[in-house]
Amino acid sequence: MNVTQKILSAHLISGELKPGSEIAIRIDQTLTQDSTGTMAYLQFEAMDVKRVKTERSMAYIDHNTLQTGFENADDHRYIATVARKHGIYLSKPGNGICHQVQLERIGKPGKTLLGSDSHTPTGGALGMIAIGAGGLDVAVAMGGGAYYLSCPSVVSVRLTGRLGRGVAAKDVILELLRRLTVKGGVGKVMEYTGPGVETLSIPERATIANMGAELGATTSVFPSDEVTRGFLKAQGREADFVPLAADPDATYDEAVEIDLSALEPMVALPHMPDNVKTVAEAGPIHVDQVCIGSCTNSSYLDMMRVAAILKGKTVSPDVSLVIAPGSRQVLSMLSANGALHDMIEAGARICETACGFCIGMGQSPCTNAVSVRTNNRNFFGRSGTKSAGIYLVSCETAAATALTGVLTDPRGVDADLDVVMPDSFLYNDNLIIPPASEDEADAVEVVRGPNIKPFPKAEALAKSLSGKVLLKMEDNITTDHIMPSDSSLLPFRSNIPKLSEHCLTPVDPTFPERAKAEGGGFLLAGQNYGQGSSREHAALVPLYLKVRGVLAKSFARIHRANLINNGILPLEFANEADYDRFSQGDEIALEGVAERVRKGESRVPVTNVTKGFTVEMKLELTERQRGMILAGGLINMISQQNR
Ligand code: MIC
Ligand code: SF4
């Protein structure tokens, strides 16, 4: 068996490990963050489970930390109290980005982790099966329920050689994105193999596993080896170590090979993470802003290399350099060893340890800006400035670029880049607040501010459906298009009515108004609809606007699950060319759809009433998913079962 099969089979509750078939797995650990967490906990409360049943559930506050009004702070208080009451550990704001802290303090080789954030696979660096999902799936897992997924196929990404000076783990994953694209990992686990693995530290593995999300992969995983042991030992957690390796005769469904020695610094140009070139090919583009941080690149190792490049130099007068270390541990170590001083003296603006600029929470750049960043997504508008373009690079490239003011290959920098991993990190868990004991939990009051509104619930599927195609969209529409997020909208993650005013506005500013005027309808999209974030809001808000189904060439994994969990039909063209026969505004009808779902038919006829033809669409649902669609979502299904 390979590593993926070993962990999945040890957690298998039902199904068979056959790629494409539905399996259910036991979840050992969960995590939520604040921008998806409020909804996840409202849903958890609706399930009436007193105490979480996992080995460890964490609630992080790291996304909505810009408190320009009462909303975010109220959400933090709700999460803190609901966590205390129900057995969840709270990581307070200031403790760091969820994935970085989970890696440092909580993750364990061989375990499963489900998180309400698409970059949860960062945990794969420790030899975990760590998967991103919608908040509702995480709420179910907290209650002890299984996580259902389509069994992934396993790709061996065989690494050979060793990274050259100035070439980084980020360049490995950018190279994979260049080769495989943002759809290349759908339905797959990227399992790292080969002699190159042992040359990579845990934070480097984490960068690669983190950004496997951009390939659309179910997750990414590394073996657990002596490097893993060393990292856990330096975190004071050697007891959590277990070795985990693929058997010598393990087989894989596909294989890719990367020679680390042959890689060069890479850059993803706007507005897709797979729009990758070498830094040399991209040329010396003039840069306005450089942002270093995010869950992809904010470890101690990354920050020490940045400090080494900046030491004794000054940032270009034309560049605003922003640095956000990934965790309190990292920031604290930089301040203790003087590296923070080197950054500050070079002219860096130090931000709090949080998602910050990565999710448009502050640091929006100027009009038409070129913003060079170390995060993982450069989707249109994500920086908060629509006319700006985000360029994704490694920490080394970002730091070198900040000094010159133009996109710069860091291999020529005059700096000592040989950062040694510490024998012991400065760990301190005093910002992780344990929950109340079972005896005390009843007395804990859950505090809800006025911004917390109930979440919308779908209705049982009607016999037949009809309505207009409200919007026609192209390929690769992201959840940032469907439910944009920036510092003005993130405070309303617990307020679906308010968010609905912004649904799909990056594609068409008139959409929310038109959807309301029509009383709902259907969406039409190309390939990979809903890629990117795990935010369930990209399903809850369309549900609120009475969107009944999405007709697409294909869907991204998490978003498809979120649609089904909320009773919205994910319909795929059986013949992709049929997409062209539909226009925005066409009236469509799905006659007798409920009966077809009930019978388990995987094809449904969709009639274009306006143009007078009928096409076949795929509606491939498992038995459990059919139950959800018929009941009008997972919560309805659970409450029916409990009746
Ligand atoms: C993101 O990187 O897009 C986010 C913000 O972390 C999201 C979660 C969210 O939308 O709240 C994610 O990746 O799932
Ligand atoms: Fe936070 Fe950005 Fe990572 Fe999402 S991708 S978890 S916003 S740092």
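Going by the structure above, here's the rest.
Residues numbered from 1 in each chain as written. Chains lettered and ligands numbered in written order. Predicted model: local features only at pLDDT ≥ 70, side-chain atom pairs only at ≥ 80, totals over all residues. Heavy atoms only, no water.

**Overview of the overall build of the protein chain**
Right, on to step 1. A tally of helices and strands in the protein chain yields 22 helices and 27 strands.
Right, on to step 2. Taking 2.2 N^0.38 as the reference for a compact globule, 643 residues should give roughly 26 Å; the C-alpha atoms of the protein chain span a radius of gyration of 24 Å, in line with that estimate.
Right, on to step 3. Within the protein chain, the fraction of its 643 residues that count as buried is 63%.
Right, on to step 4. Accessible area for the protein chain stands at about 22,100 Å²; split by element, carbon and sulfur atoms hold 48% of it. (Helix = DSSP H or I, 4+ residues; strand = E, 2+ residues; numbered from the N terminus. Rg over C-alpha atoms; globule rule 2.2 N^0.38 Å. Buried < 20%, exposed > 50% of the residue type's maximum accessible area, 1.4 Å probe, protein only. Areas by Shrake-Rupley, 256 points an atom, 1.4 Å probe, with all protein chains shown as cover.)

**Remarks on unusual backbone geometry**
Right, on to step 1. Residue histidine 271 follows proline 270 across a cis peptide bond; omega there is -5°.
Right, on to step 2. Structurally, histidine 271 can be placed in the loop between strand S13 (266-268) and strand S14 (276-278).
Right, on to step 3. Backbone geometry at threonine 181 places phi at a positive 70°, although glycine is not the residue there.
Right, on to step 4. Mapped onto the elements, threonine 181 comes out in the loop between helix H6 (169-180) and strand S10 (188-193).
Right, on to step 5. Judged by its relative accessible area of 30%, threonine 181 is partly exposed.
Right, on to step 6. Unusually for a residue other than glycine, leucine 504 sits at a positive phi of about 60°.
Right, on to step 7. Secondary-structure assignment places leucine 504 in the loop between helix H16 (496-499) and helix H17 (511-518).

**What to know about the site of ligand 2**
Right, on to step 1. Near ligand 2 the following residues occur: His63, His99, Asp117, His119, Ser294, Cys295, Cys355, Cys358, Ile359, Asn376 and Arg382.
Right, on to step 2. Its residues assigned to classes, the shell around ligand 2 shows 4 nonpolar, 5 polar and 2 charged. (Near = heavy atom within 4 Å. Nonpolar A, V, L, I, M, F, W, Y, C, P; charged D, E, K, R; others polar.)

**Observations regarding helix H12 (residues 339-346)**
Right, on to step 1. Of all the positions in H12, only Ala339, Leu340, Asp342, Met343 and Ala346 are classed as buried. All buried residues of H12 lie within an arc of 160° about the axis, which places them on one face of the element.
Right, on to step 2. Within two residues after H12, glycine 347 carries a phi angle of roughly 110°, on the positive side. (Arc of directions from axis to C-beta.)

**Points about the packing of helix H2 (residues 34-46) against helix H3 (residues 70-86)**
Right, on to step 1. In the contact formed by H2 and H3, the axes pass within 10 Å of each other and the chain directions differ by 45°. When the interaxial angle is binned, H2 and H3 end up oblique. Between H2 and H3 the crossing geometry is left-handed. Where H2 abuts H3, its residues Asp34, Gly37, Thr38, Tyr41, Leu42, Phe44 and Glu45 lie against Asp75, His76, Tyr78, Ile79, Val82 and His86.
Right, on to step 2. Classifying every residue of the contact of H2 with H3 gives 6 nonpolar, 4 polar and 3 charged. (Axes fitted to C-alpha atoms, helices over the stretch in contact; angles between N-to-C directions. Parallel < 35°, antiparallel > 145°, perpendicular 65-115°, else oblique. Left-handed = near helix turned anticlockwise from the far one by under 90°. Contact = heavy atoms within 4.5 Å.)

**Focus on the site of ligand 1**
Right, on to step 1. Residues in close proximity to ligand 1 total 14 residues, the closest being Ser35, Asp117, Ser118, Ser534 and Arg535.
Right, on to step 2. The contact in question runs from an oxygen atom of ligand 1 to an N or O atom on the side chain of aspartate 117, over 2.7 Å.
Right, on to step 3. Side-chain polar atom of arginine 493 to an oxygen atom of ligand 1: 2.8 Å apart, as the coordinates give it.
Right, on to step 4. Against a free-state accessible area of 330 Å², the protein chains account for coverage of 97% of ligand 1. (Polar contact = N/O pair within 3.5 Å; in protein donor to acceptor, adjacent residues only side chain to side chain.)

**Considerations on the environment of glycine 519**
Right, on to step 1. By the element assignment, glycine 519 lies in the loop between H17 and strand S22 (521-525).
Right, on to step 2. Sequence separation of glycine 519 and lysine 599 is 80 residues, and the distance between their C-alpha atoms is 29 Å.
Right, on to step 3. Ignoring any residue separated from it by four or fewer positions in sequence, one finds glycine 519 in contact with Lys546 and Arg548.

**Focus: the pairing of strand S25 (residues 587-590)**
Right, on to step 1. In terms of strand pairing, strand S21 (residues 465-472) meets S25 through 4 bridges, oriented antiparallel. Looking across to S25, one finds that lysine 468 is bridged to glutamate 587.
Right, on to step 2. In terms of strand pairing, S25 meets strand S26 (residues 603-608) through 2 bridges, oriented antiparallel. Note that in S26 the partner of isoleucine 588 across the bridge is asparagine 608. (Pairing = 2+ DSSP bridges.)

**Examining the packing of aromatic side chains**
In this description, a pair of aromatic rings is defined by centroid distance and the angle of the planes.
Right, on to step 1. In this structure the tally under the stated criterion is 7 aromatic pairs.
Right, on to step 2. For the ring pair tyrosine 300 and phenylalanine 425, a centre distance of 6.3 Å and an interplane angle of 85° mean the geometry is edge-to-face. Residue tyrosine 300 is located in helix H10 (residues 300-310), and its partner phenylalanine 425 is located in the loop between helix H13 (395-404) and strand S20 (432-433); the two are separated by 125 residues in the primary sequence.
Right, on to step 3. The buried category is assigned to tyrosine 300, whose relative accessible area is 11%. (Phe/Tyr/Trp six-rings, centres within 6.5 Å; stacked < 30°, edge-to-face > 60°.)

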